[in-house]
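Below, each chain spelled out in residue letters.
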Amino acid sequence: MAKVSVEQRIQSVQRYLNGNETLIEIANDIGVTAQIVSEWVRRYQKNGVETFLTSYTNYSADYKMNVLNYMNETGTSSRDTAALFNISSPGMIRKWKLKFEVGGYDALVSKKKGHPSMKKETKRTTKSTPAEGSVEALEARIKQLEMENAYLKKLNTLVQMQEKLPIKSKRK
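Let us look at the structure shown here. Please read these numbers as outputs of a predicted model, since none were measured by experiment.

**A short note on the overall build of the chain**
Moving on, step 1. Each helix and strand counted, the chain has eight helices and zero strands in total.
Moving on, step 2. Mapped in sequence order, the helices and strands of the chain form the string α-α-α-α-α-α-α-α.
Moving on, step 3. Looking at the chain residue by residue over its 172 residues, the buried ones come to 20%.
Moving on, step 4. Within the chain, contacts between residues separated by at least 24 positions form 56% of all contacts whose residues are at least 6 apart in sequence.
Moving on, step 5. Taken as a whole, the chain presents about 14300 Å² of accessible surface, with 55% of it coming from carbon and sulfur.

**Side note on the packing of helix H5 (residues 61–74) against helix H7 (residues 90–103)**
Moving on, step 1. Where H5 contacts H7, the two axes come as close as 10 Å, and the packing angle between them is 95°. When the axes of H5 and H7 are compared, the pair comes out roughly perpendicular. Between H5 and H7, the contacting residues are Lys64, Met65, Val67, Leu68, Met71 and Asn72 on the first element and Ile93, Trp96, Lys97 and Phe100 on the second.
Moving on, step 2. Its residues placed into classes, the contact of H5 with H7 shows seven nonpolar, one polar and two charged.

**Focus on the side chain of Glu39**
Moving on, step 1. Note on placement: Glu39 falls in helix H3 (residues 34–47).
Moving on, step 2. Residue class for Glu39 comes out buried when judged on its relative accessible area of 10%.
Moving on, step 3. Only 3.3 Å separates the side chain of Glu39 from the side chain of Arg79, close enough to count as a polar contact.
Moving on, step 4. Non-local contacts of Glu39, meaning those with residues more than four positions away in its chain, are made with Arg79 and Pro90.

**Things to note about a positive patch on the surface**
Moving on, step 1. Taken together, the side chains of Lys95, Lys99, Lys111 and Lys113 present a region of like positive charge at the surface.
Moving on, step 2. Position of Lys95 relative to the elements: it lies in helix H7.

**Brief notes about the packing of helix H1 (residues 6–18) against H3**
Moving on, step 1. Interhelical geometry of H1 versus H3 gives an angle of 85° and a closest axis separation of 10 Å. By the angle between their directions, the pair H1 and H3 is classed as roughly perpendicular. When H1 is examined against H3, the residues Arg9, Ser12, Val13, Gln14, Tyr16 and Leu17 are found in contact with a partner set consisting of Trp40, Val41, Tyr44 and Gln45.

**Details of a nonpolar patch on the surface**
Moving on, step 1. Among the surface-exposed residues, Tyr151, Leu152, Leu155 and Val159 lie close enough to one another that they form a single nonpolar patch of about 400 Å² accessible area.
Moving on, step 2. Relative to the assigned elements, Val159 resides in helix H8 (residues 135–164).

**Quick look at the packing of aromatic side chains**
Moving on, step 1. In this structure the tally under the stated criterion is four aromatic pairs.
Moving on, step 2. By the ring-pair criterion, three or more aromatic residues cluster together here, those being Tyr59, Tyr63, Tyr70, Phe85 and Trp96.

**Describing the side chain of Lys64**
Moving on, step 1. The residue Lys64 is located in helix H5 in this model.
Moving on, step 2. For the buried Lys64, no salt bridge is present, and the opposite-charge side chain at shortest range is Asp62, 11 Å distant.
Moving on, step 3. In this structure the side chain of Lys64 is engaged in a polar contact, spanning 2.9 Å, whose partner is the backbone oxygen of Leu108.

**Concerning the pattern of salt bridges**
Moving on, step 1. Taken as a whole and judged by the stated rule, the model has five salt bridges.
Moving on, step 2. Notably, a salt bridge pairs Glu39 with Arg79, separated by 3.3 Å at the nearest N-O pair. Residue Glu39 is located in helix H3, and its partner Arg79 is located in helix H6 (residues 78–84); the two are separated by 40 residues in the primary sequence.
Moving on, step 3. Residue classification places Arg79 among the partly exposed positions, given a relative accessible area of 29%.

Rules of the game
Residues numbered from 1 in each chain as written. Predicted model: local features only at pLDDT ≥ 70, side-chain atom pairs only at ≥ 80, totals over all residues. Heavy atoms only, no water. Helix = DSSP H or I, 4+ residues; strand = E, 2+ residues; numbered from the N terminus. Buried < 20%, exposed > 50% of the residue type's maximum accessible area, 1.4 Å probe, protein only. Contact = heavy atoms within 4.5 Å. Areas by Shrake-Rupley, 256 points an atom, 1.4 Å probe, with all protein chains shown as cover. Axes fitted to C-alpha atoms, helices over the stretch in contact; angles between N-to-C directions. Parallel < 35°, antiparallel > 145°, perpendicular 65-115°, else oblique. Nonpolar A, V, L, I, M, F, W, Y, C, P; charged D, E, K, R; others polar. Polar contact = N/O pair within 3.5 Å; in protein donor to acceptor, adjacent residues only side chain to side chain. Patch = residues over 30% accessible without salt bridge, like charges linked within 9 Å, V, L, I, M, F, W, Y side chains within 5 Å. Salt bridge = Lys/Arg side-chain N within 4 Å of Asp/Glu carboxyl O. Lys, Arg positive; Asp, Glu negative; His and termini not counted. Charge placed at Lys NZ, Arg CZ, Asp CG, Glu CD. Phe/Tyr/Trp six-rings, centres within 6.5 Å; stacked < 30°, edge-to-face > 60°.

Dropping the structure here:
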């Protein structure tokens, strides 16, 4: 697919809206599919020329959630929702929906791209021990005792199993 400039997109939409040419004729003329031209027309009708002036945008997880909620509540298609919210690709909304279904809200949070920066390692602070008698200290102690208890139960089970096994004597 050829890269189409903003001016070409606007001209294509206006050619279609004038009613003299079909989507297929316009699409063949500029080297894209009729579906793409149809998306441009839909977005243009909802948002005007501004729809073509914005480039890549990083959407927040809250914004993505609002878009998905709107789509679910109103029952609109991903194409209509993309046109309404001025999102360049309906496929992007479908990806958001899949991510949300699989991983929940956290999956919608954008991850930083590229290599991590080469910052010097800072001194790591040791985990502060909770104050004696605090809720955290008591919870930690309970957890430790539960682990010890589970370990001793397993050990006891193994010892009992060994006692039940018959002792084989070596024959000479």
